[in-house]
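Understanding the architecture of this molecule
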There are 2 protein chains.
Amino acid sequence: MKLSTKGKYGLYAMVYLAQHDGEGPQSLKAIAELGLPDPYLEQLLGSLRRAGLVKTVRGPQGGYQLSKPPQEITMRHIIEAMEGPLSLSECVVEPEHVCPRGSNCKARGVWGYLTDQINGLLDSITLTDMLKQEIKGEIIA
Amino acid sequence: MKLSTKGKYGLYAMVYLAQHDGEGPQSLKAIAELGLPDPYLEQLLGSLRRAGLVKTVRGPQGGYQLSKPPQEITMRHIIEAMEGPLSLSECVVEPEHVCPRGSNCKARGVWGYLTDQINGLLDSITLTDMLKQEIKGEIIA
DNA sequence: TTAATCCCGATTTTTTTAGTCAGGTATATT
DNA sequence: AATATACCTGACTAAAAAAATCGGGATTAA
């Protein structure tokens, strides 16, 4: 179980924007200094924009910035924008999924439970928490 | 963020073995009735055996069975056997990872925190819980 | 008008996942 | 001992997903 680069790069970019919140638009090139391939990063920022997490300014001095305060943006928003909803098993997410294991499959409940718990975790972490390196009063550095 | 079929099939197989615990070895063919391709499943059961979660009996009437009581086998044991340790980012797992973002990368702490939390969740669910469809007193069906 | 900068779709490359297969080993049964 | 059942192993292949690349277009400050 691992995270794709999409999710990681997306988060790095968002942390960068949070660190420069209020300083005006940050260019793609500036963000890519984090060590990310810029044409790829451009794609990813597109996802973040379409998800409503960043807004852009075109033209010279243009760039990307957070579309709302960092304390209102959670890890879940970001990861979900980049990778789609967390799905440990299709049967939890897809409405009319037919499972070869029938209706009394014992795994199904666990997938649902875990999905909820992990989503809850992601919901509970904001960009501000990350900058402060503190979640629910706990130092995470 | 999703789980591979390895993890899923591995769990299905383990649930099956838990349901038939004490009934003697269960053949590959019997387990594959869950709807899994049997030559592939065979591979996966190999991982579970090497991880010490199942033991096998060869020859006629042979098959697979749990190597310890179902309440001692957790989701984490199973998923980890199938997919290796949970790794949201290399920097958390690999000892000498050089990160282009340097030592004050704000994401690192979060990866560590999340990794611990999710591992904790997986630790807390046993095969018995799954059969009972109940985790920490909560019905999950 | 120019240059900086974002936007977008198509394409390619690489990696991982998923699955197959052939031949080998152990063992209960007769 | 012979046989048939069943697990074991490693190499192989195919398909899908991830990770990027690229070329050309649109917007706008200066």
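Analysis parameters
- Each chain has its residues counted from 1, running along the sequence as written.
- To read the labels, note that chains go from A and ligands from 1, taken in the order they are written.
- Under the rules for a predicted model, residues below a pLDDT of 70 receive no local features and side-chain atom pairs below 80 are neither given nor counted, while totals for whole chains, interfaces and linings still include all residues.
- Side-chain metrics rest on all non-hydrogen atoms present in the structure, leaving aside hydrogens and water.
- Definition of nonpolar core: a set of buried residues of the types Ala, Val, Leu, Ile, Met, Phe, Trp, Tyr and Cys, connected through side-chain atoms within 4.5 Å.
- Whether a residue is buried, partly exposed or exposed follows from its accessible area with a 1.4 Å probe, protein chains only, as a fraction of its type maximum: under 20%, in between, or over 50%, in that order.
- Here, residues are in contact when the closest pair of their heavy atoms is within 4.5 Å.
- For this overlay, a least-squares fit was computed on C-alpha atoms, restricted to residues scoring pLDDT of at least 70 in both copies.
- Here the quantity called buried area is the accessible surface, traced with a 1.4 Å probe, that two parts lose on coming together, added over both.
- Salt bridge criterion: a side-chain nitrogen from Lys or Arg within 4 Å of a carboxyl oxygen from Asp or Glu.
- Between N or O atoms, a polar contact is any pair within 3.5 Å; within protein, one atom must be a potential hydrogen donor and the other a potential acceptor, and residues adjacent in sequence are included only when both atoms are from side chains.
- Strands here mean DSSP runs of E at least two residues long; helices mean DSSP runs of H or I at least four residues long; both are numbered from the N terminus.
- For this classification, the nonpolar set comprises Ala, Val, Leu, Ile, Met, Phe, Trp, Tyr, Cys and Pro, the charged set comprises Asp, Glu, Lys and Arg, and every other residue, Gly included, is treated as polar.
- By this rule the span expected of a helix is its residue count minus one, scaled by 1.5 Å.
- Each aromatic pair joins two rings of Phe, Tyr and Trp (for Trp, the six-membered one) with centres within 6.5 Å, and gets the label stacked for planes under 30 degrees apart, edge-to-face for over 60, and tilted for any other angle.
- Lysine and arginine charges are scored as sitting over a ring when NZ or CZ, respectively, is within 6 Å of the ring centre and within 35 degrees of the ring normal.

Turning to the nonpolar core, a few remarks are in order. The biggest cluster of nonpolar side chains holds 92 residues, and the ones touching the most others in it are Met75(A) and Met75(B). Filtering out sequence-adjacent residues up to four positions away, Met75(B) remains in contact with Val110(A), Trp111(A), Leu114(A), Leu11(B), Leu122(B), Ile125(B) and Met130(B).

Further remarks concern the relation of the copies chain A and chain B. Under the fitted operation, chain A is carried onto chain B by 0.0 Å of movement along the axis and a turn of 180°, and the coordinates agree to an RMSD of 0.1 Å. What the superposition gives is, in effect, a two-fold axis relating one chain to the other. In terms of proximity to the rotation axis, the leading residue of chain A is Ile118(A), whose C-alpha is 3.5 Å off the axis. In this assembly, 100% of the residues forming the interface of chain A have copies in chain B that are likewise at the interface, indicating an isologous arrangement.

With that out of the way, let us pick up the interface of chain A and chain B. With 40 residues of chain A in contact, the opposing surface of chain B contributes 40 residues. Its largest share of buried area at the contact with chain B, chain A owes to Met1(A), Lys106(A) and Tyr113(A), together 22% of the area lost on that side. Taken together, chain A and chain B are joined by two salt bridges. With a shortest N-O distance of 2.3 Å, Glu90(A) and Lys8(B) are connected by a salt bridge. For the pair chain A and chain B, the number of links is seven residue pairs in polar contact (both at pLDDT 80 or more). At the level of secondary structure, the elements contributing two or more residues to the side of chain A that touches chain B comprise helix 1 (5–19), helix 4 (75–83), helix 6 (106–123) and helix 7 (127–132) of chain A. Ranked by residue count, the leading element in the side of chain A that touches chain B is helix 6 of chain A, at eleven residues. Among the residues making up the side of chain A that touches chain B, the classes are represented as 25 nonpolar, seven polar and eight charged.

Residue and element names in this part refer to chain A. By secondary structure assignment, the location of Asn119 is in helix 6. On the accessibility criterion, Asn119 (11% relative accessible area) is buried. Residues contacting Asn119, with those up to four places away along its chain left out, are Arg76, Glu80 and Leu86.

Next up on the list: helix 1 of chain A. All names here are of chain A. Taking 1.5 Å per residue, 15 residues should reach 21 Å; helix 1 reaches 21 Å between its end C-alpha atoms and fits that length. Taken across its 15 residues, helix 1 has twelve buried, putting it largely inside the fold. Residues of helix 1 that are buried include every one of Gly7, Lys8, Tyr9, Gly10, Leu11, Tyr12, Ala13, Met14, Val15, Tyr16, Leu17 and Ala18, and no others.

Before going further, it helps to examine the environment of Ser67(A). Residue and element names in this part refer to chain A. The residue Ser67 is located in the loop between strand 2 (63–66) and helix 4 in this model. Taking the C-alpha atoms as reference points, Ser67 and Arg49, separated by 18 residues in sequence, lie 8.7 Å from one another. Beyond its immediate sequence surroundings of up to four residues, Ser67 is in contact with Gly52, Leu53, Val54 and Lys55.

With that out of the way, let us pick up the environment of Asp129(A). Residue position: Asp129(A) is located in helix 7. Each residue touching Asp129(A), except ones within four places of it in the same chain, is listed here: Ser124(A), Glu134(A) and Ile135(A).

Before going further, it helps to spend a moment on the packing of aromatic side chains. To describe a pair of aromatic rings, one takes the distance between the centres and the angle between the planes. One pass over the full model with this rule turns up four aromatic pairs over all chains. Where Tyr9(A) meets Tyr40(A), the ring centres are 6.0 Å apart and the plane angle is 75°; that geometry is what we call edge-to-face. In this pair, Tyr9(A) is assigned in helix 1 and Tyr40(A) in helix 3 (residues 38–50), connecting sequence segments 31 residues apart. Here Tyr40(A) falls in the partly exposed class, since its relative accessible area comes to 27%. With centroids separated by 6.5 Å and ring planes inclined at 80°, the aromatic side chains of Trp111(A) and Tyr12(B) adopt a geometry described as edge-to-face. Separated into two different chains, Trp111(A) in helix 6 and Tyr12(B) in helix 1 (residues 5–19) make up a pair that spans both. We classify Trp111(A) as buried; its relative accessible area is 0%. The class for Tyr12(B) is buried, based on a relative accessible area of 5%. A cation sits over an aromatic face here: Arg101(A) above Tyr12(B), 3.8 Å from the ring centre.

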